Amino acid sequence: MTGAAANFAGWLAADGGRPDAAGPDWLTARRHDALARLGELEVPTSRQEGWRYTSLKALLEQGFVRGDAPLAALQPDALQRILIPGLDSHRILLVNGRYTPAGSAPGDLPKGVRVGGLRDLLAQDPDALRERLNRVAGTEQSLFAALNTASLDDGLVLLLDRAVCLERPIELIHLSVGQDAPRVAQPRHLILLEDGAQATLIERYLSLDDALYCTNAVLELSLGRDAVLKHERIQMESRNAFHLTTLYLAQDAGSRYQGVNIGLGATWSRTELLTRFRGEQAECDLQGLYLAGDRQLMDYHLDVEHGVPRCTSRENFKGILYGKGRAVFDGRVLVARDAQKTDAAMSNRNLMLSASAEVDTKPQLEIHADDVKCSHGTTVGQIEPERLFYLRSRGIPAPVARRMLCLGFAGEIIETLSSEALREQVSEQVGQRLESAPLS
Amino acid sequence: MLSVKGLRANVGEKEILKGLDLEIGPGEIHAIMGPNGAGKSTLSHVLSGREGYAVTAGTATFHGQDLLSLEPEARAQLGLFLAFQYPVELPGVNNTYFLKAALNSIRKARGEPELDAVSFLRLIKDKLKILHLDDSLLKRAVNAGFSGGEKKRNEIFQMALLEPKLAILDETDSGLDIDALRVVADGVNALRSPERSMIVVTHYQRLLDYIQPDYVHVLAQGRIIRSGGKELALELEEKGYGWIDAAEQAA
């Protein structure tokens, strides 16, 4: 193995992940292509713009190896611990990256919807995904996407036929349970909505303990003409975990994507959102909220490409940092020469609760068209003493008052979640995290 | 219930309060009037515990406790309430949630059981009725995007809910038109009781047409220079504050 492939040999080694592992021939060929690409890529260093503030050293040192993705027997009460009371969903469970029918409850699905595990679907219908998989991601994948493709094995598949509307949300739970050695799971999720289809997808990354593991997820999302997808992602990995997401999104004319990214867990977390428009008058809304405390890095990279006219994008990320928490926001909006009447607004606001927390924020607009409405803004600030005093003057103790103000700050993003049950759960988690936060 | 003696306070290097004395008994309403820069807001802030002021001399005793040594929340828990001249906007903090947190913090500090959601909502409804307010403000974030009148009404509503023993109304009339002023004053009057004292801080006599004080004090250059009944307010209105400067110069 050459290039970056050599550095990540352990990620590729075991049965399921070998480029010549089971699956249709076309898939084997794709894995080989990705492996070849890995041979050409190098492990990024801080000299590369996208990795200037984030080191891969800690991740490489863990020596993660790909598991055989055994179907770990879940404790009977495990499922009860991770379900959100009051959230009525079509549930798909992945354990350590592998689709697990035992904990899944897809329920009654309308005609024209396919939901399930990627591996299952390929076993039943080997050619079903031939033209679809790897299409939005393309072949020029970055390191971690290429690693995922070279190991492509399982994940969520959600296919909606033309004009199909799902009322209840699809809930994807990605659960990691402790194993004998530090393992990496590389789920691949494929979400395709044909013209006019509508759905809500809730994606949750969880762990039952504080195990050390790595998740390297890749998502490919494609929205047909006038399709609508609400996509709510909750990263609540174990506090020792490493988490990577690379999300590729392509939108046809008139489609609407509303994404919410909540980052609470993991010791090291990097999310790349790569979106582009294939047709006019499409809207892409990316909301984000992250909390970073001691021993925690939250790293977000947005790459929003306006290549056609009359599309709208919003990027609104907020962060709360405390202790020695670190965050990176690297947002880029590119407006091509032909993308007239583009409407784009990017914002990144950070609330710093301690002097030793750090955020590197870098919103960028790259505009080649002349008739556009684009803006960006970024703030890094502290809790305003006026606000704190107002609450305290009403009898509310200072620590509670600080927490209320932080939750108020986070509330703008939490409010965008579509289900009351999920909003409550996220608020509660944020509140709990802030309760343990050293406020100085 | 409140006894202020020889209070001196600085903002930075500058002395604003220069030996202020004030005695307030239960159920009394005291108006404190004075020109801009006399120290009216500084007095409100020092009593409620806002940062940025250094007390250099004097005492303030509230219900037998040394008020100045207490954190702002402890003062509120003891029964002190400040209606802000400029109520602070708290985007993202729901008003109902805020009111419940405030009330329950105070109850908890007093060793009373916290109210559950149902009892709390019942209480809120009662208080709204007393003040003739509707519940539209409750669903919004605290003061966020409120008009001037809405903000002041929200202050009075908090006062009704928290039932303080001593309320300081800091220039509650500022920025209000006559209708809004009447609504706020009616609210304050509805909350008058033999157990509740108030300090009404104002620049203008106008507010005192609606809230009748028992005593009026003139605050100038950091001290109370004259005290009297409500007729003193009328005298001030007639003569303006010019005579104070003259009197100070003479002294």
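Our subject in this report is the structure included herewith. Computed from a prediction, not measured in an experiment: that's the story for all the values here.

Considerations on the overall build of chain A
Then, in step 1: A tally of regular secondary structure across chain A gives 10 helices and 21 strands.
Then, in step 2: For chain A, whose C-alpha radius of gyration is 21 Å, the value lies close to the compact-globule estimate of 22 Å for 440 residues.
Then, in step 3: Seen along its three principal axes, the alpha-carbon backbone of chain A occupies a region of about 70 × 55 × 50 Å.
Then, in step 4: For chain A, long-range pairs separated by at least 24 residues make up 84% of all intrachain contacts whose partners lie at least 6 apart in sequence.
Then, in step 5: If you sum the accessible surface of chain A, you get close to 16,900 Å²; carbon and sulfur atoms cover 46% of it.

Notes on the sheet that holds strand 21 (residues 373-381) of chain A
Residues and elements named next belong to chain A.
Then, in step 1: Strand order in the open sheet formed by 10 strands is 3-2-6-9-11-13-15-17-19-21, and the pairing between neighbours is mixed. Lying at the two open borders of the sheet, with one neighbouring strand each, are strand 3 (98-99) and strand 21.
Then, in step 2: As defined by bridge partners, strand 15 (residues 283-292) adjoins strand 17 (residues 312-321) across 10 bridges and the pair is classed as parallel. What sits directly across from Y290, in strand 17, is G319.
Then, in step 3: In the packing of helix 9 (residues 398-414) onto the sheet, the strands contacted are strand 13 (256-263), strand 15, strand 17 and strand 19 (343-352), and the crossing angle to strand 17 comes to about 155°.

Some remarks on the packing of helix 4 (residues 117-131) of chain B against helix 5 (residues 148-162) of chain B
Residue and element names in this part refer to chain B.
Then, in step 1: Where helix 4 meets helix 5, the closest approach of the two axes is 10 Å, and the angle between their N-to-C directions is 125°. In terms of axis orientation, helix 4 runs oblique to helix 5. By crossing handedness, the relation of helix 4 to helix 5 is classed as right-handed. In contact with F120, L123, I124, K127, L128 and L131 of helix 4, helix 5 contributes I156, F157, A160 and L161.

With respect to the pairing of strand 8 (residues 188-193) of chain A
All names here are of chain A.
Then, in step 1: For strand 8, a buried count of 6 out of 6 residues is recorded, marking the element as mostly surrounded by other parts of the structure.
Then, in step 2: Covered by surrounding structure in strand 8 are R188, L190 and L192 together with H189, I191 and L193, the residues of both alternating faces.
Then, in step 3: In this sheet, strand 8 lies alongside strand 5 (residues 156-160) in parallel orientation, the contact comprising 4 bridges. Bridge pairing in strand 8 places V157 opposite L190.

Concerning the interface of chain A and chain B
Interface size is often expressed as the accessible area that is lost when the parts come together.
Then, in step 1: Across the contact, 16 residues belong to chain A and 32 residues belong to chain B.
Then, in step 2: Summing both sides of the interface, chain A and chain B together bury roughly 2,000 Å²; the carbon and sulfur share of this comes to 63%.
Then, in step 3: On the chain A side of the contact with chain B, F389, Y390 and R394 of chain A bury the most area, a combined 39% of that side's loss.
Then, in step 4: Taken together, chain A and chain B are joined by 4 salt bridges.
Then, in step 5: Notably, a salt bridge pairs R50 of chain B with E386 of chain A, separated by 2.7 Å at the nearest N-O pair.
Then, in step 6: Mapped onto the side of chain A that touches chain B, the elements with two or more residues apiece are helix 8 (385-392) and helix 9 of chain A.
Then, in step 7: Among the elements that line the side of chain A that touches chain B, the one with the most residues is helix 8 of chain A, at 6 residues.
Then, in step 8: Counted by class, the side of chain A that touches chain B contains 9 nonpolar, 3 polar and 4 charged residues.

Looking at the pattern of salt bridges
Then, in step 1: In the structure shown here, the tally under the stated rule is 45 salt bridges over all chains.
Then, in step 2: Notably, a salt bridge pairs E163 of chain B with K127 of chain B, separated by 2.9 Å at the nearest N-O pair. Taken as a pair, E163 of chain B in the loop between helix 5 and strand 7 (166-170) and K127 of chain B in helix 4 lie far apart in primary sequence, 36 residues in all.
Then, in step 3: A relative accessible area of 42% places E163 of chain B in the partly exposed class.
Then, in step 4: The network of salt bridges with shared partners includes R66, R98, R119, D153 and D154 of chain A.

Quick notes on the nonpolar core
Then, in step 1: If you look at the biggest cluster of nonpolar residues, it comprises 121 residues, and the most contacted ones within it are I320 and V430 of chain A together with L2, L20, L47, F98 and I199 of chain B.
Then, in step 2: Here this core gets 9 residues from one element, more than from any other, and that element is helix 9 of chain A.
Then, in step 3: Ignoring sequence-local partners within four residues, the contact set of L2 of chain B consists of L22, E23, I24, L47, T61, F62, L67, L166 and I199 of chain B.
Then, in step 4: Core analysis: the second largest hydrophobic core is formed by 51 residues, L166, L219, L286 and C311 of chain A among them.

So, the sheet that holds strand 8 (residues 197-202) of chain B
Residue and element names in this part refer to chain B.
Then, in step 1: One open sheet accounts for 6 strands, arranged 6-7-8-3-9-10; its pairing is mixed. Because the sheet does not close on itself, it has two edges, and the strands there are strand 6 (80-83) and strand 10 (223-228). Neighbour-to-neighbour, the strand axes of this sheet turn through a mean angle of 20°, independent of strand direction.
Then, in step 2: Note: strand 3 (residues 29-33) against strand 9 (residues 215-220), 4 bridges, orientation parallel.

Calculation notes
- Residues numbered from 1 in each chain as written.
- Chains lettered and ligands numbered in written order.
- Predicted model: local features only at pLDDT ≥ 70, side-chain atom pairs only at ≥ 80, totals over all residues.
- Heavy atoms only, no water.
- Helix = DSSP H or I, 4+ residues; strand = E, 2+ residues; numbered from the N terminus.
- Rg over C-alpha atoms; globule rule 2.2 N^0.38 Å.
- Contact = heavy atoms within 4.5 Å.
- Areas by Shrake-Rupley, 256 points an atom, 1.4 Å probe, with all protein chains shown as cover.
- Pairing = 2+ DSSP bridges.
- Axes fitted to C-alpha atoms, helices over the stretch in contact; angles between N-to-C directions.
- Parallel < 35°, antiparallel > 145°, perpendicular 65-115°, else oblique.
- Left-handed = near helix turned anticlockwise from the far one by under 90°.
- Buried < 20%, exposed > 50% of the residue type's maximum accessible area, 1.4 Å probe, protein only.
- Buried area = accessible area lost by both parts, 1.4 Å probe.
- Salt bridge = Lys/Arg side-chain N within 4 Å of Asp/Glu carboxyl O.
- Nonpolar A, V, L, I, M, F, W, Y, C, P; charged D, E, K, R; others polar.
- Core = buried A, V, L, I, M, F, W, Y, C linked by side-chain atoms within 4.5 Å.

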